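Summary of structural features
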Amino acid sequence: MNQRILDGSFWTEPPSNPQPRLEGEATADVAIVGGGYTGLATALALRGAGVDVAIVERDYCGAGASGRNAGHLTPTIGKDLPTLVRCFGETRAAALARFADRAVGCAEDLFRQLGIDCDYAASGNGLAGVPPRQRDRLARAAETAARLGAKIAFLDEAEVRRRGLPGCVRFGVLEERGGTLDPGKLVGGLRAAALAAGCRIYEGSEARAILEGRKPRVETGLGSLRAERVVVATNAYTPATLRWLRSRVVPLRVTLFATHPLSAEDRARLGWPNREGLYTAHEVLESWRLTADGRLLGGSRWVRYGFGSSLADAASPRLRERLAGLVAQRFPGLDAAAEVFWGGWIGTTLDFLPLLGVRGEPANLHYGLAYNGHGIAQACLLGRVLADTLLGRESQETRLLARRGIWLPPEPLRWLLARGILGALELADALTDRAIRRLGS
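Since we're looking at a predicted model, the values are computed, not measured.

Within the protein, the secondary structure is distributed over 13 helices and 20 strands. In terms of overall size, the protein behaves like a compact globule, its C-alpha atoms giving a radius of gyration of 21 Å where 441 residues would be expected to give roughly 22 Å. Oriented by its inertia axes, the alpha-carbon framework of the protein measures out at about 65 × 50 × 45 Å. With 441 residues in all, the protein has 58% of them scored as buried.

A general trend in soluble globular proteins is that nonpolar side chains are found buried together. Leu73, Leu81 and Leu186 are the most contacted members of the largest nonpolar core, which has 66 residues in total. The contact partners of Leu186, leaving out residues within four places of it in the chain, are Tyr37, Phe111, Ile116, Cys118, Leu181 and Ile376. Of all hydrophobic cores here, the second largest spans 26 residues; its members include Leu174, Trp302, Leu319 and Phe341.

Bringing the packing of helix 3 (residues 81-88) against helix 5 (residues 135-148) into the picture now. Where helix 3 contacts helix 5, the axes come no closer than 8 Å and their chain directions differ by 60°. In this structure, helix 3 contributes Leu81, Pro82 and Val85 to the contact, and helix 5 contributes Ala141, Thr144, Ala145 and Leu148. Across the contact of helix 3 with helix 5, the residue classes tally to six nonpolar, one polar and no charged.

Tallied over the entire structure, the rule returns eight aromatic pairs. Centroid distance Phe257 to Trp288: 5.8 Å. Interplanar angle 80°. Geometry classified as edge-to-face. Of the two residues, Phe257 is situated in strand 13 (residues 250-259) and Trp288 in strand 15 (residues 286-290); the sequence distance between them amounts to 31 residues. Grouping residues by exposure puts Phe257 and Trp288 together as buried.

Once that is clear, we can look at helix 4 (residues 90-113). Between its first and last C-alpha atoms helix 4 spans 34 Å; for 24 residues at 1.5 Å apiece the expected length is 34 Å, and the two agree. In the stretch just after helix 4, Gly115 is the one whose phi turns positive, near 70°.

Bringing the packing of helix 3 against helix 4 into the picture now. Following both chains from N to C, one finds helix 3 and helix 4 inclined at 135°, their axes separated by 7 Å at the closest point. In terms of orientation, helix 3 lies oblique with respect to helix 4. Between helix 3 and helix 4 lies a crossing whose hand is right-handed. Every residue of helix 4 that contacts helix 3 at Leu81, Leu84, Val85 and Phe88 is listed here: Glu90, Arg92, Ala93, Leu96 and Ala97. Its residues assigned to classes, the contact of helix 3 with helix 4 shows seven nonpolar, no polar and two charged.

With that out of the way, let us pick up the pattern of salt bridges. Across all of its chains, the model carries 27 salt bridges by this definition. Among the ionic pairs, Arg269 bridges to Asp266, the shortest N-O distance being 2.2 Å. Of the two residues, Arg269 and Asp266 are both situated in helix 9 (residues 264-270); the distance of three residues between them amounts to about one turn of the helix. Between Arg295 and Asp293 there is a salt bridge; the shortest N-O distance is 3.0 Å. A relative accessible area of 42% means that Asp293 is categorised as partly exposed. When salt bridges with common partners are traced through the structure, they connect Glu159, Arg162, Arg163 and Glu276 into a single cluster.

This next bit is on the side chain of Asp351. Looking at the element boundaries, Asp351 is found in the loop between strand 18 (338-348) and strand 19 (355-359). Among the polar contacts made by the side chain of Asp351, one reaches the side chain of Arg403 at a distance of 2.6 Å. For Asp351, the residues in contact, after removing those within four places along its chain, are Gly78, Phe88, Arg403, Gly405 and Ile406.

Turning to the environment of Pro132, a few remarks are in order. Take Pro132: it is sitting in the loop between strand 5 (125-129) and helix 5. Along the chain, Pro132 and Ala193 lie 61 residues apart, while their C-alpha atoms are 48 Å from each other. Ignoring anything within four residues of it in the chain, the contact list for Pro132 reads Phe171 and Leu439.

Rules used in this analysis
Residues numbered from 1 in each chain as written. Predicted model: local features only at pLDDT ≥ 70, side-chain atom pairs only at ≥ 80, totals over all residues. Heavy atoms only, no water. Helix = DSSP H or I, 4+ residues; strand = E, 2+ residues; numbered from the N terminus. Rg over C-alpha atoms; globule rule 2.2 N^0.38 Å. Buried < 20%, exposed > 50% of the residue type's maximum accessible area, 1.4 Å probe, protein only. Core = buried A, V, L, I, M, F, W, Y, C linked by side-chain atoms within 4.5 Å. Contact = heavy atoms within 4.5 Å. Axes fitted to C-alpha atoms, helices over the stretch in contact; angles between N-to-C directions. Nonpolar A, V, L, I, M, F, W, Y, C, P; charged D, E, K, R; others polar. Phe/Tyr/Trp six-rings, centres within 6.5 Å; stacked < 30°, edge-to-face > 60°. Expected span 1.5 Å × (residues − 1). Parallel < 35°, antiparallel > 145°, perpendicular 65-115°, else oblique. Left-handed = near helix turned anticlockwise from the far one by under 90°. Salt bridge = Lys/Arg side-chain N within 4 Å of Asp/Glu carboxyl O. Polar contact = N/O pair within 3.5 Å; in protein donor to acceptor, adjacent residues only side chain to side chain.

In structure tokens form, the structure reads like this:
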């Protein structure tokens, strides 16, 4: 079967009403750099308070990670909850779990209040275990979650079968909050709502520099936008294009794919009646879900880092072949082949927590980014938090996410560190796959 390789996303196309480029001098109360979930959610909250807002977007709103992700709305936070307890203690880990739950609720409230039809299936997301050695780890994770108050349940073998989950799942953990959606429809709906609310959006206008000062200025190739305050919501692009937070944020390239729509016979053979989103319990998670039109969508698993925190190139033919081969491994007997590939960059941190902060002199350059692959929920909430901060309102999230973090060394040590970490994770996952193959033989 011929495969399509998309430069953009499976979910999005350029809008029918492109907004003008920023040319010449412009002003606003607040300038927002980045037109994804974070930037649009911030803009909508500020416009609701009567603030004059202008968004500067390098391409079109949703062309980045907000329109390219797999569409899992999930309360995942950190590497996992047991790791959060070890790193931050039980009290703060519980607070972070509540933050993740609030993030899902914030996203749901946002698209429901705005009337955005994004094919949302509130089915939850499951972490799927296959080799027996993963069972105790997942059971302990569920116990930790229950102790912290998170809405997460362990699924034993009988419960997995009762739910009709695919045969590749033997046991697992279910995040009861959230589900799956069409990320392109969501970000497109947020864009439409922002325009209707009176936000100015400058598309095709890449921010090349942010000049600090009492009234900071966002510089693009053809113009500049001066504002009282600036919000940077550029996620993985931040270290690569603005050269900000290079010691804190790692941009990683993720590749996804979708099959053709499954036949009625294959859908019946597959089961999966509740359409829960699924991740496999690999170190670099492998994601799976069904789309509204019946396609099997998968990917992630093998990620790439570009030297100097640059935006890594698209997947190689070899990587696409490896990803396509996962369909037959996880869903044997299914007549489905990878039909379309796309990808993009996510912002990650070494502690797997998002970044929220302020810089500049005076403190008028705000940022919210680096969602570690869980940005639909967290970006929507941090958009609201950023707006509250600019409006002078107290926020528990500001205190919760404040931390020293783990700083990255300069290049070439950063590249060597990234390759070492990714190599170790890939080796661990290769051993997991070997155990899975032995189980099926």
